[in-house]
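Coordinate inspection notes
Next come the chains, spelled out residue by residue.
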Amino acid sequence: MTLAPATHEPLPAELLDAVAAESDQPVSPDFAPLVDALIQRFGESLDAVVLYGSCLHSAISLDEGIVDLYVVVDDYRKAYPKRHLAVLNAWLPPNVFYLEVPHQEKTLRAKYAVISTADFEAGAHRWFHSYIWARFAQPSRLLFARNDSVRQQLYAAMAHSVLTFLRTGVAALEAGSYTVEQLWTRCLLLTYAAELRAEKAGRANHLANANLTAFTGLTTAASPLLRNVLEQQADGCYRCLTDPATQKQALWRWRVRRWQGRVLSILRLAKATLTFANSVDYAAWKIERHTGVRVEVTPLLRRHPILWGLKVASRLIRRGVLR
């Protein structure tokens, strides 16, 4: 299922510049060994490495946490020595893997998702589900790009993510005036509900507040292509122009995304058991880290991570731990 094309207007130069400014901000040199390992692993198929997620707005050092990376490749068949991994990646992108790299008497750890440049662009602009455009509407860092052409492709995809995120999320809000923080918080909550996510209730507001300067600049730069849904006001707020009929239709689409997202999340988790070493332990760790709820990793869960994991997931959904 794909989104209908929203506009044929070119991307505003201000939005591309805002995305580039965020993507090109300096990062810790400790990320370099992870990038080098991925360059060695994927070779000529590697187009880019993108950093996103909690490492951008967390005080946790790299040797204490797990870095979230996206590995963007030009072709799945070139990226893998084993054909079944290419087939799985093309069937339901991304594939997710785990990486450990020794560095200066410590171990750097990363979870990285592999996706083709074409799928990354489609996910940012045309996918009905929010999996890609919700993540990359938010600030990220481009750690490596094969060349300037790839770099510009990714900037454009991230700019489309911002537009899709705001256009799709704002349409579901009530008409009225919103601060940038309120806009992004409400839209983030919609995307969280469209996946099985172990997030605390205040996570969306925390992210909106932590990235407020970036979100303010991105919203302002995107506003020329959002004139039908948002009106910028003199006080820095935005007036949502949604009418009841439009909001009702948008909310129906988000209900569809929510059910679609649950199915896709389960399929991706099942697929991760084939590609991600210690995926069960990682999932349990992440749930406890985000919610404080401990999931016991039993021998039965290790032997049958898909079937038994569904039972654990359904229990957590009923308890409100997963949304």
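Everything that follows concerns the structure shown earlier in this document.
This text gives an overview of the structure that appears in the document.

Here the focus is the side chain of Asp-119. Along the polypeptide, Asp-119 turns up in helix H5 (residues 117-125). The buried charged residue Asp-119 lacks any salt bridge, with Arg-126 as its nearest oppositely charged partner at 7.3 Å. Those residues in contact with Asp-119 that lie beyond four places of it in its chain are Tyr-76, Pro-93 and Trp-127.

In this section: the packing of aromatic side chains. Each aromatic ring pair is described using two quantities: the centre-to-centre distance and the angle formed by the ring planes. Counting across every chain of the model gives 11 aromatic pairs. With centroids separated by 6.0 Å and ring planes inclined at 40 degrees, the aromatic side chains of Tyr-80 and Phe-97 adopt a geometry described as tilted. Taken as a pair, Tyr-80 in the loop between helix H3 (76-79) and helix H4 (83-91) and Phe-97 in strand S3 (residues 95-103) lie far apart in primary sequence, 17 residues in all. The residues Tyr-80 and Phe-97 share a single accessibility class, namely buried. Put simply, the rings of Phe-42, Tyr-80, Phe-97 and Tyr-112 pair up and form one aromatic cluster. Stacked on the ring of Trp-254, the Lys or Arg Arg-257 has its end atom at 4.5 Å from the ring centre. Across from the ring centre of Trp-259, 5.6 Å away, lies the NZ or CZ of Arg-262, which sits over that ring.

What follows is about the sheet that holds strand S7 (residues 230-232). Pairing is antiparallel across the open sheet formed by 3 strands, whose spatial order is S6-S8-S7. The open sheet has two edge strands with one neighbour each: strand S6 (176-178) and S7. For this sheet, the mean inter-axis angle between neighbouring strands, taken without regard to orientation, is 30 degrees. The pairing of S7 with strand S8 (residues 238-240) spans 3 bridges and is antiparallel. Among the inter-strand pairings, Glu-231 is bridged to a residue of S8, identified as Arg-239. Running at roughly 100 degrees to S6, helix H8 (residues 180-193) makes contact with S6, S7 and S8 of the sheet.

Axis separation between helix H7 (residues 148-170) and H8 bottoms out at 9 Å; the angle between their running directions is 90 degrees. On the basis of the axis angle, H7 is roughly perpendicular to H8. Contact residues: Phe-165, Leu-166, Gly-169 and Val-170 in H7; Leu-183, Trp-184, Cys-187, Leu-188, Leu-190 and Thr-191 in H8. A breakdown of the residues in the contact of H7 with H8 according to their chemical character gives 8 nonpolar, 2 polar and no charged.

Before going further, it helps to examine the sheet that holds strand S1 (residues 46-52). Taken in spatial order, the 5 strands make up an open sheet running S3-S4-S2-S1-S5, and their pairing is mixed. With one partner strand each, in any of the chains shown, S3 and strand S5 (141-145) form the two edges of the open sheet. Each strand axis lies, on average, 25 degrees off the axis of its neighbour in the sheet, ignoring direction. Inspection of the sheet shows strand S2 (residues 67-73) paired to strand S4 (residues 106-116) by 7 bridges, in the parallel sense. If you follow Val-72 over to S4, its bridge partner there is Ile-115. Packed onto the sheet, H4 meets S3 and S4 and runs at close to 120 degrees relative to S3. Packed onto the sheet, H5 meets S1, S2 and S4 and runs at close to 75 degrees relative to S4.

What counts, and where the lines are drawn
- Here the residue numbering is sequential within each chain, running from 1 through the sequence in written order.
- Residues qualify for local features only when their pLDDT is at least 70, as the model is predicted, and side-chain atom pairs are given and counted only at 80 or more; totals for whole chains, interfaces and linings, by contrast, use all residues.
- Neither water nor hydrogens contribute to the side-chain values; these are computed over all heavy atoms in the structure.
- Numbered from the N terminus, helices here are DSSP runs of H or I no shorter than four residues, and strands are runs of E no shorter than two.
- Note on classification: 1.4 Å probe, protein chains only; a residue is buried when its accessible area is under 20% of the maximum for its type, exposed when over 50%, partly exposed between these limits.
- Counted as positive: Lys and Arg. Counted as negative: Asp and Glu. His and the chain ends are not counted at all.
- Note on definitions: salt bridges are taken to be side-chain nitrogens of Lys or Arg within 4 Å of carboxyl oxygens of Asp or Glu.
- When checking whether two residues touch, look at their non-hydrogen atoms; a contact exists if any pair is within 4.5 Å.
- What counts as a ring pair is set by centres within 6.5 Å for rings of Phe, Tyr and Trp (its six-membered ring), and what kind of pair is set by the plane angle: stacked under 30 degrees, edge-to-face over 60, tilted for all other angles.
- Placement of a charge over a ring requires the Lys NZ or Arg CZ to be within 6 Å of the ring centre, with the centre-to-atom vector within 35 degrees of the ring normal.
- Pairs of strands are assigned from DSSP output, requiring at least two bridges between the strands.
- Geometry is summarised by axes, namely lines fitted to C-alpha atoms with helices restricted to the contacting stretch, and by angles between N-to-C directions that run from 0 to 180 degrees.
- Every angle not falling under 35 degrees, over 145, or within 65 to 115 is termed oblique; those three ranges are roughly parallel, roughly antiparallel and roughly perpendicular.
- Each residue receives one of three labels: charged for Asp, Glu, Lys and Arg, nonpolar for Ala, Val, Leu, Ile, Met, Phe, Trp, Tyr, Cys and Pro, and polar for the others, Gly being one of them.

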